[in-house]
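Each chain, letter by letter, is given below.
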Amino acid sequence: MTSATGIGARVLRTEDKRFLTGTGRYVDDLPLSRATYAYFLRSPHAHAKIKSIDISAAAKMPGVVNIFTGKDLVDAKVGGLICGWVVKDKHGQPHKSPAHPVMAVDTVRYVGDTVAMIVANSHDEAKDAAEAIKVDYDVKPANVDLAKALDKGAAEVHPEAPGNLVYDWEIGVKADVDAAFAKAAHVTKLDLVNNRLIPNAMEPRAAAADYDKGTGNYTLWSTSQNPHVLRLILSAFVLGIPEHKLRVIAPDVGGGFGSKIFCYADETMVCWAASRVGRPIKWTAERSESFQTDCHGRDHVTHAELALDKDGKFLALKVETIANMGAYLSTFSTAVPTYLYATLLAGQYTTPLIYANVKAALTHTAPVDAYRGAGRPEATFVIESIVSKAAAEMKIDAAELRRKNFIPSTAFPYQTPVALQYDSGNYPPIIDEAMKIADYKGFEARRAEAKSRGKLRGIGFSSYIEACGLAPSQVIGQLGGGVGQWESAQIKFNPTGNVQILTGAHSHGQGHETTFAQLIHDKLGVPMEQIEVVHGDTSTTPFGMGSYGSRSLAVGGSAIMKAADKVIAKGKKIAAHLMEASVADVEFENGVFKVAGTDKNVPLGQVIFAAYVPHNYPITEVEPGMDENAFYDPANFVYPAGTQICELEIDPETGTTEIVNFTAIDDFGNIINPMIVEGQVHGGIVQGVGQALMEGAVYDKSTGQLISGSFMDYTMPRADNFPSFKLGYKHTPCPHNPLGVKGCGEAGAIASPAAVMNAIHNALSPIGVKHVEMPATPLNVWQSIQGAQRQAAE
Amino acid sequence: MYDFSYHRPKSVADAVGLLKSKPEARAMSGGMTLIPTLKQRLARPSDVVDLGGVKELAGIKVEGNNVVIGGMTRHADVASSAEVKASIPALAYLAGHIGDPQVRNRGTMGGSVANNDPAADYPGAVVALNATVTTNTGKHAADSFFKGLFETALADGELITSISFPKAEKAAYMKFPNPASRYAMVGVFVAKTASGVRVAVTGAGACVFRVKAMEDALAKNFTSAAIKDIKIPADGLNSDIHGSAEYRAHLVGVMARRAVDAANK
């Protein structure tokens, strides 16, 4: 750390002043004169044929400007929404790719599917008109239950995907794995459900668009995590507006957790309709629309088996998963349960043989796509659940079994049997530290004390690995991804010496404006208050890939460092001229250029001024100005890892679970701002515990209605559900990026469900409970206890 | 929400006059149920009569052996009232655990009782304490006030002006909150007053109900042990994704025992 505000410092978030004083500028805050307001009529049925749509009465309602239906898009030759990742099945065939019309044409496929867009002078008038639209539906049977989605006779979602199968994909060699199982001393089997989640970003999705008739330029404001990618998809695949005629701006965005990566029907419609309506259009989702139409997360049904030798060494792992895609393939949906899931199944262990088979299924439910962790929480849940179950079955301490199978620190870089090559890590000290902080030794005494109060106390481990910092572009291309995964940066000095960092990453709560500024402050010595981070506007920032997959610092931050290196290199030439020295003798340190071995020096500000006012300047050798660009494509993923220990108490009378201790020790590589990292870990743990104990999207299995369609029925974790977390770090710097950083945005959510559920099972197994699915709600836990008591009585 | 005419009368008489002259009018006290209902377009009143301007309806006073609380008294005021805390601490505790701070500072006792949401907390207290509901036209005994799901004995144009709670010798309220909404999934109010022991259950059924077997047992022996073997039948209890009828029936027993223990502390 070079100063109180440089790398490693707990700098307060500069963006928080506007967020906490209500002066952030979100899409819905945009003052657009002559604006109209859009409202979307959505399907009330999970599956129905549209026999007719009659808009005649609605069109005459007060304030109505325009009404569009799917047929208008067909007539205008608008393309469908796309899935941007081609996964090849086990026979090498690309996944089934059913049409995804922006608005339904003749069939609706989930409750919330878009049927009509009403544009009016006010939101209420648009909504009034929506009620006057008459849609004649022929309601069909719905396929809602994932476990039965691929069964013969399940209602078909798309004719292009017979039997609702999108792909049948595999990784690993099944015969080798089967041979290892045949020799195993012990096999642990596990069936589990990874429950479906609804993202619930604090700010609902929103879009606004304006069309400039004079230039033919469109501007789309969207709550996007990746405005350049959204523009690319809309331009190249959906609307055909040339990229240079479409500006996408993602201003302040209130959370995303993945759900704002994708290209959605509503923002597409708002953009398309802006030129037809001839006035700006604004749309903000109501919370119930968010529940119904934001892409949901997780939703797997899995059978797993782990083969062990008599000493507990893992011999092989076999995993079969059915993954829910929902009714349409969202932007990156196909990659989540394959390349972001099965490639992580080695975890922190030396398991030599792994086979995974993933079948992706269509159902009459909202599309499912990446959600905080995207595939990696699902993988971690499988591994860490089955490892703890194996430990219990073989009567080996859960920590001991893990330690026995950890990849040794000397084995890095470590090639797993499922494609990834881990770059760095040292797992035993992490679990040791976690056990020390959690006072694992004292647990049995605490369990006994809890029992005296009538409580069942349990403890659970989760040792996770994740691959993030997405990603080497060539690897992504080989795996079927449709985009590059580099990141861009531009460092633009102004003549007076202050600086703008333009980044292709996007901040929707992560604190980039502070973290990225710390990088430049540390590297170039510019005071924090003279640094501005600019992001989220395709017209001002270089093309960038946006923020997801814990990539912003590892990839975007590295691009910023590269651009800063260019600033220093150019600055040295200018400084050499000013100091009448040779470039080779000029050094840069703490914001000052110096001639080595002399007291000659010139501060960066003076060099910048000279670059913009080049009166005394090496003008024949160096261009004026100081505005450097860099693009950074990482050499590998980054591999954060850690161990979490959850300790909880269950009230067996009510089934209520209380988390009493939660420890997380992580390896995030080098850390730029520990306070922001802690915030990310806290939020991630809370989301993961939410999945384990509270959250669950529930559809009625026959009608496909979303039962958990509001906060009245969808349980969100709250502050009073948690103790203070105990966090710590054991770092191994990433060897292949200039900052040595890994990524911390998803880790908490990736690891914590297994830690919680292992603790639940640890607490309940003494009374005979064998398995509890997530979410372990009070009802679910109580019923599990009742079931065990009934069994014991029989 | 749909358009409606908004009124803010200053007296009960004016409010009642408005409600009677407009057949599709709805009275609004705190609006904690009505406003969300309007926003979701689930109600379409022609007129909303806001009782917030009727000063005479709010307030807490002790009259002899009773605590009398005005219909427009906010939950937060009940929770923090020195009179309520001194006379019936269980009632202050209940009020302090309704919804969240925003709801407690807007929602009113009269609104909650008149709405008779099956998961509301106050009906449990009204019945268990054998309170009297006073309206602009008369008085209702607690037992005959709550009629069923969102149904009460209130006639059209009848407003709750106050509720009179007898002081309790012993009383406690135990709530098992719905994990999502934190409404009462099961709430049990146990009270020992001059009129005897009462056990009132809210949240579990369509409407608040009493558990006679528990009351009889507690009248003889006011300890949790006295009711530990009393089973509540699950028939007719609410069932949803958060709790089956069997679970709710079980929780009635647990919450009742815990309420008795708390009342004895």
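Residues numbered from 1 in each chain as written. Chains lettered and ligands numbered in written order. Predicted model: local features only at pLDDT ≥ 70, side-chain atom pairs only at ≥ 80, totals over all residues. Heavy atoms only, no water.

### What to know about the overall build of chain A
Argument step 1. When helices and strands are counted, chain A shows 19 helices and 28 strands.
Argument step 2. Relative to its length of 794 residues, chain A is compact, with a C-alpha radius of gyration of 28 Å against a globular reference of 28 Å.
Argument step 3. If you line up chain A on its principal axes, its C-alpha atoms span 95 × 75 × 50 Å.
Argument step 4. Taking all 794 residues of chain A together, the buried fraction comes to 62%.
Argument step 5. Long-range pairs, those at least 24 residues apart, make up 80% of the contacts in chain A between residues at least 6 apart in sequence.
Argument step 6. In the structure as shown, chain A presents an accessible area of about 28,500 Å², 53% of it carried by carbon and sulfur atoms. (Helix = DSSP H or I, 4+ residues; strand = E, 2+ residues; numbered from the N terminus. Rg over C-alpha atoms; globule rule 2.2 N^0.38 Å. Buried < 20%, exposed > 50% of the residue type's maximum accessible area, 1.4 Å probe, protein only. Contact = heavy atoms within 4.5 Å. Areas by Shrake-Rupley, 256 points an atom, 1.4 Å probe, with all protein chains shown as cover.)

### Description of the overall build of chain B
Argument step 1. Looking only at helices and strands, one finds eleven helices and 14 strands in chain B.
Argument step 2. A globule of 265 residues ought to have a C-alpha radius of gyration of about 18 Å, and chain B, at 18 Å, matches this closely.
Argument step 3. Across its three principal directions, the C-alpha atoms of chain B cover 55 × 45 × 30 Å.
Argument step 4. Sorting the 265 residues of chain B into buried and exposed places 55% on the buried side.
Argument step 5. Total accessible area on chain B is roughly 11,100 Å²; 51% of this is exposed by carbon and sulfur atoms.

### Points about the nonpolar core
All names here are of chain A.
Argument step 1. Counting 174 residues, the largest nonpolar core has Met 117, Leu 345, Tyr 422, Val 756 and Ile 760 as its most contacted members.
Argument step 2. Tallying contributions element by element places helix H18 (residues 747–764) first for this core, with eleven residues.
Argument step 3. Each of two domains, domain 2 (32–140 + 202–255 + 260–293) and domain 3 (389–470 + 637–793), supplies a minimum of three residues to this core.
Argument step 4. When sequence neighbours within four positions are dropped, the list of residues in contact with Met 117 reads Ala 38, Tyr 39, Phe 40, Asn 66, Ile 67, Phe 68, Met 103, Met 269, Val 270, Ala 273 and Ile 281. (Core = buried A, V, L, I, M, F, W, Y, C linked by side-chain atoms within 4.5 Å. Domains from an automatic or database assignment.)

### A short note on empty space enclosed by the protein
Residues and elements named next belong to chain A.
Argument step 1. Tallying each qualifying case throughout the model produces six cavities of 30 Å³ or more.
Argument step 2. Roughly 200 Å³ of internal volume is contained in the largest cavity.
Argument step 3. Lining the largest cavity are 22 residues; nearest its centre among them are Leu 81, His 100, Tyr 110, Tyr 264 and Ala 265.
Argument step 4. Taken together, the residues that form the lining of the largest cavity break down as 13 nonpolar, five polar and four charged.
Argument step 5. Here the second largest cavity defines a volume of roughly 70 Å³.
Argument step 6. Lining of the second largest cavity is provided by Arg 298, His 300, Ala 323, Asn 324, Met 325, Ser 333, Val 336, Pro 337, Val 368, Asp 369 and Glu 378.
Argument step 7. Classifying every residue of the lining of the second largest cavity by side-chain character gives five nonpolar, three polar and three charged. (1 Å grid on protein atoms, 1.4 Å probe; cavity = no way out; pocket = protein on both sides within 12 Å on 5 of 7 lines; lining within 4 Å. Points joined across faces, edges and corners; volume = space filled by probe spheres on them. Nonpolar A, V, L, I, M, F, W, Y, C, P; charged D, E, K, R; others polar.)

### Comments concerning the layout of surface pockets
Argument step 1. Taken as a whole, the second largest pocket spans an internal volume of roughly 1,200 Å³.
Argument step 2. Together, 38 residues line the second largest pocket, and A:Thr656, A:Asn721, B:Phe176, B:Pro177 and B:Arg182 are the ones closest to its centre.
Argument step 3. Put simply, the parts of the chain that give the lining of the second largest pocket at least two residues each are strand E26 (641–651), strand E27 (656–667) and helix H17 (674–694) of chain A together with helix H5 (89–96), strand E11 (168–177) and helix H11 (245–264) of chain B.
Argument step 4. It is E11(B) that contributes the most residues to the lining of the second largest pocket, five residues altogether.

### What about helix H10 (residues 212–220) of chain B?
Argument step 1. Taken together, the buried positions of H10(B) are occupied by B:Met214, B:Glu215, B:Ala217 and B:Leu218.
Argument step 2. Against strand E12 (184–193), strand E13 (196–202), strand E14 (209–210) and H11 of chain B lie the buried residues of H10(B).

### Considerations on the interface of chain B and chain A
Argument step 1. Listed per partner, the contact involves 23 residues of chain B and 23 residues of chain A.
Argument step 2. Where chain B meets chain A, there are seven salt bridges.
Argument step 3. In this structure, the salt-bridge partner of B:Arg257 is A:Glu653, at a minimum N-O distance of 2.9 Å.
Argument step 4. Examining the composition of the side of chain B that touches chain A, we find that eight residues originate from one element, H11(B), more than from any other. (Salt bridge = Lys/Arg side-chain N within 4 Å of Asp/Glu carboxyl O.)

### Some remarks on the domain arrangement of chain B
All names here are of chain B.
Argument step 1. One can read the domain layout of chain B as domain 1 (5–49) and domain 2 (57–264).
Argument step 2. The C-alpha-based centres of domain 1 and domain 2 are spaced at 25 Å.
Argument step 3. Contact between domain 1 and domain 2 buries roughly 910 Å² in total, counting both sides, with carbon and sulfur atoms accounting for 71%.
Argument step 4. It is Val 12, Ser 29 and Met 32 that lose the most area in domain 1 upon contact with domain 2, and together they represent 49% of the buried surface on that side.
Argument step 5. Viewed at the interface, domain 2 and domain 1 are joined by zero salt bridges.
Argument step 6. Among the elements that line the side of domain 1 that touches domain 2, the one with the most residues is helix H1 (residues 12–21), at five residues.
Argument step 7. Residue classes in the side of domain 1 that touches domain 2 are distributed as six nonpolar, three polar and one charged. (Buried area = accessible area lost by both parts, 1.4 Å probe.)

### Concerning the packing of aromatic side chains
Argument step 1. Taken as a whole and judged by the stated rule, the model has 27 aromatic pairs over all chains.
Argument step 2. Taken together, the aromatic side chains of A:Phe314, A:Tyr349, A:Phe406, A:Phe412 and A:Tyr427 make up a single cluster linked through ring pairs.
Argument step 3. Stacked on the ring of A:Tyr264, the Lys or Arg A:Arg205 has its end atom at 3.6 Å from the ring centre.
Argument step 4. The lysine or arginine in question, B:Arg44, covers the ring of B:Tyr2, its NZ or CZ lying 3.8 Å from the ring centre. (Phe/Tyr/Trp six-rings, centres within 6.5 Å; stacked < 30°, edge-to-face > 60°. Lys NZ or Arg CZ within 6 Å of the ring centre and 35° of its normal.)

### So, the environment of A:Phe668
All names here are of chain A.
Argument step 1. Following the sequence through the fold, Phe 668 ends up in the loop between E27 and H17.
Argument step 2. A sequence separation of 29 residues divides Phe 668 from Tyr 639, and the C-alpha atoms of the two residues are 8.1 Å apart.
Argument step 3. Excluding anything up to four places from it in sequence, Phe 668 contacts Tyr 464, Pro 640, Val 677, Val 681, Tyr 729, His 731, Val 741, Lys 742, Gly 743, Cys 744 and Ala 747.

### Looking at the sheet that holds strand E23 (residues 592–595) of chain A
All names here are of chain A.
Argument step 1. Read from one edge of the open sheet, three strands run E22-E23-E24, paired in antiparallel fashion. Both edges of this open sheet fall to strand E22 (586–589) and strand E24 (601–603), since each of them pairs with a single strand only. Each neighbouring strand pair of the sheet contributes to a mean axis angle of 20°, computed without reference to strand direction.
Argument step 2. Sheet topology places E23 next to E24; three bridges connect them, and they run antiparallel. Note on E24: the bridge partner recorded for Lys 594 is Asn 601.
Argument step 3. Relative to the sheet, helix H16 (residues 604–612) contacts E22, E23 and E24, its axis offset from that of E24 by approximately 75°. (Pairing = 2+ DSSP bridges. Axes fitted to C-alpha atoms, helices over the stretch in contact; angles between N-to-C directions.)

### Overview of the sheet that holds strand E4 (residues 60–63) of chain B
Residue and element names in this part refer to chain B.
Argument step 1. If you walk across this open sheet you meet the five strands as E4-E5-E10-E6-E7, and the pairing is antiparallel. The open sheet terminates on both sides in strands that have one partner only, identified here as E4 and strand E7 (139–141). For this sheet, the mean inter-axis angle between neighbouring strands, taken without regard to orientation, is 25°.
Argument step 2. Pairing of E4 with strand E5 (residues 66–70), which is carried by four bridges, proceeds in the antiparallel orientation. Counterpart to Val 62 in the pairing with E5 is Val 67.

### Quick notes on the packing of helix H9 (residues 376–394) of chain A against H18(A)
Residue and element names in this part refer to chain A.
Argument step 1. H18 packs onto H9 with a crossing angle of 30° between their chain directions and a minimal axis gap of 8 Å. Classified by the interaxial angle, the pair formed by H9 and H18 is roughly parallel. Judged by the twist between their axes, the crossing of H9 over H18 is right-handed. Side by side, H9 and H18 meet where Arg 376, Pro 377, Thr 380, Phe 381, Glu 384, Ser 385 and Ser 388 of the first sit next to Ala 749, Ile 750, Ala 751, Pro 753, Ala 754, Met 757 and Asn 758 of the second.
Argument step 2. Within the contact of H9 with H18, the residues separate by chemical class into eight nonpolar, four polar and two charged. (Parallel < 35°, antiparallel > 145°, perpendicular 65-115°, else oblique. Left-handed = near helix turned anticlockwise from the far one by under 90°.)

### Considerations on the pattern of salt bridges
Pairs may arise between side chains of opposite charge once their charged atoms sit close together.
Argument step 1. Scanning all chains against the criterion turns up 58 salt bridges over all chains.
Argument step 2. Close ionic contact of B:Glu63 with B:Lys61 constitutes a salt bridge, the shortest N to O distance being 3.8 Å.

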